[in-house]
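Per-entry structural report
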Amino acid sequence: MLLSFSRNTIRTHSPAKPVLIFVSSRRQTRLTALDLIAFLATEDDPKQWLHQDEREMDDIIGTIRESNLKLTLAFGIGMHHAGLHERDRKTVEELFVNCKIQVLIATSTLAWGVNFPAHLVIVKGTEYYDGKTRRYVDYPITDVLQMMGRAGRPQFDDQGKAVILVHDIKKDFYKKFLYEPFPVESSLLSVLSDHLNAEIAAGTVTSKQDAMDYITWTYFFRRLVMNPSYYNLDDISHETINKYLSNLVERSLRDLECSYCMEIQEDEQTIEPLTYGRISSYYYLKHQTIRMFKERLKPELPVQELLAILSEAEEYAELPVRHNEDQLNSELAQRLPLQVNPHSYDSAHTKTHLLMQAHFSRAQLPCSDYGTDTKTVLDNAIRICQAMLDVVANEGWLVSALSICNLVQMIIQARWLHDSSLLTLPHFQKQDLYKKKKACPLHCANSGFFSQAWAFLSHLPVVEVRMSVKGWWEGCEEQTERVIPANVSNIRDESSWLPLHADQEYVLQVSLRRLNAGQQRRKQDSKAQAPLFPKPKDEGWFLVLGEVDKKELLAIKRVGFIRNHSSVSVAFYTPEKTGKSIYTLYLMSDSYLGLDQQYDIHLNVIPASIAAQVNSEISDNAGKMVLK
């Protein structure tokens, strides 16, 4: 019946002008288009909505990937949603804007995205399926207004028409809001804790009173006074509002305290930011994510367990799980190496875990929607991993820190840690690994395989590492820098061990020189070779200093792209006990698997020197004063 009404509406209000039909899902774009084609088949002119020469349209259709879109375009009907290939979407957009096709069927997100005005807009229903709550919910009224706003083309029409198909019981509701000014309300309440955490970490909120003052400067407070019932407030007397805000602050701060982001001092007023709160603020993460990291991360976690923790981040809770996708998730899980909870296939976090696995396995996805969802997952993955790394670094866990670095490499290169390095090469697929040498992808030689492989390999960073230790030694009148040999052949040789005073701060100076710097001539050469990662990524490095015997992380530093030469300083403390100790420096790529380097630093810890410690502290304080 809805389709019959839509057909009649087009015939009555826009028989020859552009028509935009909004539907609730990608599946509905296809079903609506096919139903309209069935209607056209009964007409005298079934291609009345096609305003381009059929031969020219056939050529355009030949470039389209999506099979249903090929069919609909032939009748002058386009489809537009995020699941289409980008080139297909661009083609449809150009055809509609240039009036070559008359009807465009799109999901509601188009109303907020690209501006495609039409003479007639039809909103085919005001509900959509929410995978998170597993029920149909109403569009926000602002979305409906935005869809209606696409009606009317200022350059061509003096009027626009919008038709909303809605259940009869909701008719009066929509009339009220569509014909009267609509107030814009605040959405701050749902994320107030995270906003307060950012202000606490920045030092602008240092007490409960500061938090109250902060809220009074927000748009939320203005709307609270103007429309209290919307925010579940009975009246707007000074006492009532003060109590309401006080409870709001108490509840938000309690949430942050439970998430290890801040603590309230003994006076019950002063707020002190904690390291985890700063991490959450720096990486724009929700405080629930940081709490989960604090409670689930452990000293020695393998990549598989870190992947499960990453997938549970609160940032992935909004990943759409569409109608019947639990079945698709179940089928996808059977083809992937790591098991997930079979009772949670309708969970956004489980879907995230499966999409990550599919990315590493380079597995075929069930449908184009999953490709779009994978991009969403990967877009957030790196910053969440960086936050995980900061959490384990704060705890001093070496093994987990190295595993997180490996996980970042896996995400960028789209392969498992123990997969063949050949998969990094262009055109190389997993099935090629099992072929005989003669049938290996060298059959691509005629299509430029060798030249592309060589260009790829020559771009990979080849980095030379040199190290020295800077600090104070007893008997020295000034800071001294002593070179650390890169390769120690005989650890029994005393000259291989660098004498350092116990319980003293020294600075490890690391010199990084790119040996194939001649290959890097353009600015874009700083980008990592990562064809399966959805956006450009600059090459970078992690410098990790640890003591392997104790599995302790001593220091970590991030290094950007090395164009020619970079010098990095890493401060560390020597052990309190005297004797021989081995520290290990790891240079780990944040973009490639298999390019990591590892160097042992042999230390002969000698008794502490008060004079050297004093000089070291004076030098350190002087350096801070200069920086200020």
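Look a little higher up for the structure.
Computed from a predicted model, the values in this text were never measured in an experiment.

Here the focus is the pairing of strand 1 (residues 19-23). By the criterion of burial, strand 1 is predominantly enclosed, with 5 of the 5 residues buried. Residues Val 19, Ile 21 and Val 23 of strand 1 are buried on one face, and the alternating residues Leu 20 and Phe 22, pointing to the opposite face, are buried as well. Pairing of strand 1 with strand 4 (residues 120-124), which is carried by 4 bridges, proceeds in the parallel orientation. Directly across from Val 19, in strand 4, lies its bridge partner Leu 120. As defined by bridge partners, strand 1 adjoins strand 3 (residues 103-107) across 5 bridges and the pair is classed as parallel. Considered in strand 3, the bridge of Leu 20 is made with Leu 104.

Turning our eyes to something else, we now look at the environment of Leu 192. The topology assignment puts Leu 192 in helix 8 (residues 192-202). Its relative accessible area of 3% is what places Leu 192 among the buried residues. Taking the C-alpha atoms as reference points, Leu 192 and Leu 248, separated by 56 residues in sequence, lie 8.9 Å from one another. Contact partners of Leu 192, with chain neighbours within four places excluded, come to Ile 215, Leu 248 and Ser 252.

Before going further, it helps to examine the layout of surface pockets. Each pocket or cavity is described by its volume, and for the largest pocket that value is around 1500 Å³. Taken together, 46 residues make up the lining of the largest pocket; nearest its centre are Ser 24, Ser 25, Arg 26, Tyr 129 and Arg 322. Going through the elements one at a time, helix 2 (26-40), strand 5 (127-130), helix 15 (325-333) and helix 17 (368-395) are the ones with two or more residues in the lining of the largest pocket. No other element matches helix 2, which puts 5 residues into the lining of the largest pocket. When the residues that make up the lining of the largest pocket are grouped by side-chain class, the tally is 17 nonpolar, 16 polar and 13 charged.

Bringing a negative patch on the surface into the picture now. On the surface, a cluster of negative charge is contributed by Glu 257, Glu 263, Glu 266, Asp 267, Glu 268 and Glu 272. By secondary structure assignment, the location of Glu 263 is in strand 8 (residues 262-264). For Glu 263, a relative accessible area of 35% translates into the label partly exposed.

Relative orientation of the contacting elements helix 14 (residues 303-311) and helix 18 (residues 398-413) amounts to 70 degrees, with a least axis distance of 9 Å. Between helix 14 and helix 18, the angle is such that the two are roughly perpendicular. From helix 14, Val 303, Leu 306, Leu 307 and Leu 310 reach across to helix 18, where they touch Ser 400, Ser 403, Ile 404, Asn 406, Leu 407, Met 410 and Ile 411. Partitioned by chemical class, the residues of the contact of helix 14 with helix 18 number 8 nonpolar, 3 polar and no charged.

Turning our attention to the sheet that holds strand 1. Spatial strand order, 2-3-1-4-7: 5 strands in an open sheet with parallel pairing. The outermost strands of the open sheet, each flanked by one partner alone, are strand 2 (77-80) and strand 7 (161-165). Put simply, the sheet's adjacent strands are angled 15 degrees from each other on average, direction ignored. The sheet contacts of helix 5 (residues 86-97) involve strand 1, strand 2 and strand 3, and relative to strand 2 the element is tilted by about 135 degrees.

Trans is the prevailing form of peptide bonds, just as negative phi is the prevailing case for residues other than glycine. Even without a glycine there, the phi angle at Cys 99 is positive, about 60 degrees. As for its position among the elements, Cys 99 is in the loop between helix 5 and strand 3. Positive phi values are uncommon outside glycine, yet Glu 268 reaches one of about 65 degrees. On the accessibility criterion, Glu 268 (48% relative accessible area) is partly exposed.

Our focus in this paragraph is the pattern of salt bridges. Per the stated rule, a full pass over the model turns up 20 salt bridges. In this structure, Glu 127 and Lys 170 form a salt bridge, with 2.8 Å as the shortest nitrogen-oxygen distance. One end of the pair, Glu 127, is in strand 5; the other, Lys 170, is in the loop between strand 7 and helix 7 (171-179), with 43 residues separating them in the sequence. Classification of Lys 170 by relative accessible area gives buried; the value is 16%. The salt bridge partner of Asp 138 is Lys 170, with a shortest N-O separation of 2.6 Å. Of the two residues, Asp 138 is situated in strand 6 (residues 135-138) and Lys 170 in the loop between strand 7 and helix 7; the sequence distance between them amounts to 32 residues. Beyond isolated ion pairs, a larger network of salt bridges with shared partners links Arg 322, Glu 325, Lys 351 and Asp 373.

Thresholds applied
- One numbering rule holds for all chains: residues counted from 1, following each sequence as written.
- For a predicted model such as this one, the threshold for reporting local features is a pLDDT of at least 70, and the threshold for listing and counting side-chain atom pairs is 80 or more; totals across whole chains, interfaces and linings nevertheless cover every residue.
- Excluding hydrogens and water, the side-chain figures rest on all heavy atoms present in the structure.
- Only protein chains enter the area calculation, which uses a 1.4 Å probe; residues under 20% of their type maximum are buried, those over 50% are exposed, and those in between are partly exposed.
- Numbering of helices and strands starts at the N terminus; helices are DSSP runs of H or I of at least 4 residues and strands are runs of E of at least 2.
- A pair of strands is treated as paired once DSSP finds two or more bridges between them.
- Contacts are assigned to residue pairs that have any heavy atoms within 4.5 Å of one another.
- A pocket here means an open set of points on a 1 Å grid, computed over the protein atoms alone, that has protein on both sides within 12 Å along at least five of seven lines. A cavity is instead a set of points where a 1.4 Å probe fits but cannot get out; residues with an atom within 4 Å of a point line either one.
- Grid points are joined across faces, edges and corners, and a volume is the space filled by probe spheres set on the points.
- Put simply, Ala, Val, Leu, Ile, Met, Phe, Trp, Tyr, Cys and Pro go in the nonpolar bin, Asp, Glu, Lys and Arg in the charged bin, and everything else, Gly too, in the polar bin.
- Excluding any residue in a salt bridge, patches collect residues exceeding 30% relative accessible area, merging like charges within 9 Å and nonpolar Val, Leu, Ile, Met, Phe, Trp and Tyr side chains within 5 Å.
- Here the accessible surface of atoms and residues is derived via Shrake-Rupley with a 1.4 Å probe, and residues count as covered only by protein chains that are part of the display.
- By convention in these notes, a salt bridge is any Lys or Arg side-chain nitrogen within 4 Å of a carboxyl oxygen on Asp or Glu.
- Charged-residue counts in this description rest on Lys and Arg as positive and Asp and Glu as negative, His and the chain ends being excluded.
- A single reference atom marks each charge: NZ on Lys, CZ on Arg, CG on Asp, CD on Glu.
- Every axis in this analysis is a line fitted to C-alpha atoms, fitted for helices over the stretch in contact. Angles between the N-to-C directions lie between 0 and 180 degrees.
- Angular relationships are summarised with four words: roughly parallel below 35 degrees, roughly antiparallel beyond 145, roughly perpendicular across 65 to 115, and oblique for the angles in between.

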